[in-house]
Structure formats: structure tokens, C-alpha cells
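Letter by letter, the chains look like this.
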Amino acid sequence: MKRWRFLLGFGSETGQSKAIAQGMGDIASEQHQICADIFELDEVDKQFKLEEESIMVIVTSSTGDGEPPGNASKFWRKIRREKNSKLLSHMKYTVLGLGDTNYSTFCNCGRVLDRRFEELGATRFYPSAWADDAVGLDLTIEPWLQGFWPALKETLTKLNTSTETSINNLTESINQLNLTQEIKPTVNRQLSSSNKFKSNQDNITYSSNLSEMTTLTLPPKSTHSLSIKLIESSEVKDHLPTDPHYHVSTLIRRECLTHDTAIKPVMSIELEPSEEEFLFEVGDAIKIVCANDENEVNLLLKRLEWMDRASHQLDICISPDNTKKSAKIPTYIPSMCSLRYALTNCIDIRSSPRKNLLRLFVDCTTDEDEKRRLEELCSREGSDIYIKYILEEHLSILDILNHFPSCKPDIAMLIEFLPPLIPRFYSICSSPLDDVRSIKFVYSVLKFDALNGRTYERFGVCTNWLNKITIGTKILIQTRISQHFRLPLTLDTPLIMIGPGTGVAPFIGFLEHLYLSSKSIAGFDVNNLHTWLFYGCRHRQHDFLFEEQIQMYQQINVLKHLFVAASREEDYPFRYVQDQIKANGHELANLIYNRNAIIYVCGDIKTMVRDVRETIAHILKENSDITNIDEYMKSLETSRRYLLDIWS
Ligand SMILES: Cc1cc2nc3c(=O)[nH]c(=O)nc-3n(C[C@H](O)[C@H](O)[C@H](O)COP(=O)(O)O)c2cc1C
């Protein structure tokens, strides 16, 4: 008998939606005896056909400025362009969107697909949901999944989807699908009388708001689909990471742009792509393939007592007793590499472990009190403490293992359940008109002290790697093409560029491009430009990035107006870029409302994106006759006149 099935399509840029879709696939088969056929959304018409699917569940994130992730863009175009309003009238669906509320285009990709599916005749069998990475995805996903499974079973039952299932077996299947009783693994572990985690202060190992008697609801236990062994081999030779989708470049320059006294140093990097045909434009970003810190890898190897086997070859195959249909050998780990190589180059050892991994850790922990605390941290009842002590403090896998010394996971568990190490991206700050063989970008050096549960000092993964590698090192790169963050086609469109800190990077590229265009294109007159730059730093003497270059653009009339904010200078009235925006409110509102200016915002989402948007809305309200300001702001976004290039 074939089992009940549904289609589970995912779109994922950095792997979270993929992991969630795979987790749902596991729960479907292990707990509900339902088969989820899991595909990237862009595998449409190759691996699945919409016309043939009765139930489709979409899990997708948004990237860029509300755009679909790389493996969902073909699907997105197909659905958006589709004219046949009955195309999906045979289909039931729901969407789980992943996003971040710091973006005004929160979950835009999921929301647009959700709306288009409805317009194309599909019926939602369960309300779609929007999970927010800013507060923790699980906060939405956990309760959503609770209702999802009964709704899915009910829909499957009504639809009688399984064409291969005979009538007799169908009855049997329906009986198997116990519609009323959800499987909720619960646990009520008694703590030892000497509970070593008892303390007066709440922290990662103890919190008073979960009483020892609280019954905990745990996430379902993921099962292994891989069999991973370490083989002592002299043949294993680790080499530079390779990936046919990436280009080789060479690090040719690295310098510090800030004064020695700057609180947050900023570095500038120049790369030379090996191939002539490497293409980029101003407004694009560059993806960098990086590696984990050697010391951190060593600490992890030591903690796990795997140091003596670090150079052994990893042998990965699908486990003989695997039951997952979606089981695949991870393509991001080379077939011949050592354990050290995989931990350094392929696996993300820094990001906070998800709850499904904490759940697996419970079973490889011997101490009862540690087990109970791990259960609390991954339980539904412990959602708040998981967010507070793990996500918000960015605890890594090593931090968790250090806090729970009796936890001894095996190699297979970490290799299978930790996410891949993904490339990091940076806004390009140079123009190809200057030199197509030179790509420049900047980054801040971020240091995180050993505090608040973090058990060792650390720096940002990629920036730390970029700081340590030697000049001449080969680096794999790829352009992340910007869909909309581009210079306008018409010269006289006013440009309002807002970029505090390293957020100024793409605007340096824009200004350089305008300057070089004025030298090389006949009829390009800088006097026609209307360029406004709002820049912010801590202290103009210490960390004013690209100061000389910006001043030069001002002198030659490429940059018409410069406004600088300085957050740490006493007696300077403009602390933040939004103070400068407010002070120039009248003129800016006129440019936006009457002269179709384009507003570009670039920088760290945590610090300013919301404040800048509110300030722009405020100055427009004060200086125009717009009656519905929210609608007007939305229209700026949809007409691509309010553009974001932001990161967290
Ligand atoms: C460069 C970048 C751009 C993003 N743009 C958006 C966006 O426009 N809207 C949104 O809601 N979330 C946005 N996000 C947040 C992601 O959608 C969110 O972190 C999600 O969990 C990532 O899932 P994934 O790993 O499956 O891609 C962005 C994240 C990054 C790193």
C-alpha cells in the first residue's frame, strides 16, 4: 500500500526553511505515516507538476528586499506571471513564511505566493503563518505545527488523495490517521535532590519560571538517515573548497579604515577575480565562502574528545535502516575529507543549535539534572528561556556543550544535524567602471566577549577569517545580483542615500560610478545630479569612513549634499542619521513628494531601519498634504522608490 502523501516545497537562502521543511518531512513519516515529497520550489515542472498536486505546503523565506530566495525565483516568476485563474482550483495549500520584522517587506515572498495561490483558484486548508526571525522562528512555528497536522490529515481524508491506495487500504489508512489525538512527547523528569543547576540567578542552566514539576512537551525526536564513520586513512588530502557556482579570486589588499582609537574597527578588502568575465554592478553584493576559526574548531574537537581523530577521513553514506524519503548525503561535504576539514569548512559550528538538536542531546547526556535542563530548553513550555538564553545571546554548539559537560554527542549527530556553513555577503563599494578586476568591500570587526552564557570570546565568523588570511589567499566568491538597489536610468532623479557606518559602502560605489560615467560618457553632466548622502559614525575624527573620497566627490560636484551624524560627540546636535533627515525635512519631503526622489537605505537592521522609515514618514506628513501616510510609504516601496540593502 502506498502511503498518504503531499507536496512540500521550500525556498531557502540560508538553510532555515530547508531545515524546517525537512523536519516537517520527518515528523510526517515518523509520527503520522504520511509521505512528504520535499523539493526546492524551483524544481517545479522537473520534479513536480502543479497540475498534478492536490495538496501543497510551501515553506519559504524572503531575502534581499522581499525577494524570493535563490532556489525559489523560477517558481516565483511562474506563479506571478500565470494568467489562468483556474490553474490551481484543484489544489489545497498553506504557506509557512519565514522572515524578519525588521524588514518592511516582512515575509513578502511567502505572502505574495499565498495571495497568488488563492487568486489562481487554490483553497487554503489551514491558515498560513509568518515566522519572525527577529524574535525566534519557533515562537510561531511550534504552535502552527500543532494545528497543522490535524488539518492536513483531515484534508487528506476528505480528498482521498492517494491514487494508489485501494479502497480497503484507504479505510485502514484513515484508521491509522488518528484525527483527534496528536502525538505530543511529554516528559516529567524528577530532579535529583542535589540539583546542581539550582541557583539564585536565572541563566542558561537554571530558571525559576519552570517549576520542577512542570510537564514538558518536547519536539519530536529526529532520526538519523546517515551513517557516518571515521576511517584512519593516509589518502585523505584536504584542499581548497571548490564549488562550480563560485569563482576564484585572490585577496590583494586589506587595510584598516578607522583610527586606532575607534571602538569598532572597520576593514577594507580588495579582491581580484581570476576570470575576466566575472561580472558585477554597483548595488550588488559579494558572497564570500569562508571558514570557521581554527581555535574554535580545536576547542570543539577537544570538548568532544575527537582531537586524536581529527585527521581521520569522514565516511558518509545513507544508513541501511533509513526510512526518510528525503535522505541525501550532504553535498556541502566533499566525499574525501577529514573530520577537521568538515568542521572547519563545511559545517556551521557557530549558529545557535535548534531545538531538534537539543532534543537529541538529551539522549546523549548522562547527568539527570543536565538532561532535565536540556529538556526544558527544547520544550514548548521553555520557549521563552530558549529565546532568552540561547538565541538572544547567540550561544553556539560549543557553549551548550560546555554548559552540559555530561553531554557526549556522536560525530554522526553533529554532522547530520548542524546546518551547513553558508557564505557571508558584503555590499560592494567599487564600480566596475574603475576596474572590472577589482572588487572592494568593507566590514566591521565584531567581538563578542565571554559573557551571558558565552563560554569563550569570539569574533564574527567571516570577518575573523578575512582578518587572519594572508594576502594572496584564494577566496571563492559569487555576485549576489541586486534586483532593485540600482542607480536610476535618468540622471536627474534625486537620490537620497542613507548609510550609517559600513552602510555607506554601496553609496561609495554609486558615487564612484557617477564620477567615472561623467568622465567616460558624452553628455553626462554632473551638474544634473541631485545626490544627497546621509552618513553616520561615532566620532568624525575616528571612524568617518571614506572621508577623503566623499569630500572629493563633493568638490567635483558628484555629491551635492552631505550630512553627517556622530553618535558619540558631545555638543554635536546630530547624533543619528534620522536627526539630519529631520533637520532637512522640508527639502527632502519636496524631493520625495514632488520630484520622485529614490530613497536608498543601507546598514544594520538593528540600529536604524525602523527609525529612518518613521522619520521619513514624519517629515512627509509635516511637509505635504498626504492624508494616508502609511499608504504613501507603502506606495514608495512598491514603486521601488524606497529601497533597502540591510543586514543583521
Ligand atoms: C540579506 C537578507 C535579506 C533579508 N530580507 C528579508 C526581507 O526582505 N523580508 C523578510 O521578511 N525577511 C528578510 N530576511 C530574513 C530571512 O527571511 C529570515 O532570516 C529567514 O529565517 C531566513 O530563512 P532561510 O535560511 O530559509 O533563507 C532577510 C535576511 C537576509 C540575510
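This section reports on the structure supplied with the text. (Residues numbered from 1 in each chain as written. Predicted model: local features only at pLDDT ≥ 70, side-chain atom pairs only at ≥ 80, totals over all residues. Heavy atoms only, no water.)

## Focus: the sheet that holds strand E18 (residues 474-480)
Let me state the cut-off plainly: Here, strands pair whenever DSSP counts at least two bridges between them. A helix here means a DSSP run of H or I that spans at least four residues, while a strand means a run of E at least two residues long, and both kinds are numbered starting from the N terminus. Lines fitted to C-alpha atoms define the axes here, with helix axes fitted over just the stretch in contact, and angles between the N-to-C directions of these axes take values from 0 to 180 degrees.
Strand order in the open sheet made by the six strands is E14-E12-E18-E10-E11-E15, with antiparallel pairing throughout. If you trace the sheet from one side to the other, it starts and ends with strand E14 (424-427) and strand E15 (439-444), each paired once. The sheet shows a mean angle of 40° between the axes of neighbouring strands, direction not considered. In the sheet, strand E10 (residues 247-256) pairs with strand E11 (residues 266-273) via seven bridges, with the strands oriented antiparallel. The residue bridging Arg-254 from the neighbouring strand is Ile-269, located in E11.

## Re the sheet that holds strand E21 (residues 561-566)
Judged by pairing direction, the sheet is parallel, and its five strands sit side by side in the order E21-E20-E19-E22-E23 without closing on themselves. In this open sheet, the two edge strands, each paired with only one partner strand, are E21 and strand E23 (642-647). The mean inter-strand angle of the sheet, taken between neighbouring strand axes irrespective of direction, is 10°. Bridging between strand E19 (residues 495-498) and strand E22 (residues 598-604) involves four bridges; their strand directions are parallel. Considered in E22, the bridge of Ile-498 is made with Val-601.

## Comments concerning the packing of helix H6 (residues 294-303) against helix H7 (residues 339-346)
Here is the rule we go by: The cut-offs work like this: below 35 degrees is roughly parallel, past 145 is roughly antiparallel, 65 to 115 is roughly perpendicular, and the gaps in between are oblique. In a left-handed crossing the near helix is turned counterclockwise from the far helix by less than a right angle, and in a right-handed crossing that turn is clockwise. In this description, contact between two residues means that some pair of their heavy atoms is separated by no more than 4.5 Å. For this classification, Asp, Glu, Lys and Arg are treated as charged, while Ala, Val, Leu, Ile, Met, Phe, Trp, Tyr, Cys and Pro are nonpolar and the rest, including Gly, are polar.
At a closest axis distance of 10 Å, the pairing of H6 and H7 adopts a crossing angle of 130°. On the basis of the axis angle, H6 is oblique to H7. Considering only the axes of H6 and H7, their crossing is right-handed. For the pair H6 and H7, contact is made by Val-297, Asn-298, Leu-300 and Leu-301 and by Leu-339, Arg-340, Leu-343 and Thr-344, respectively. Looking at the contact of H6 with H7, its residues break down into five nonpolar, two polar and one charged.

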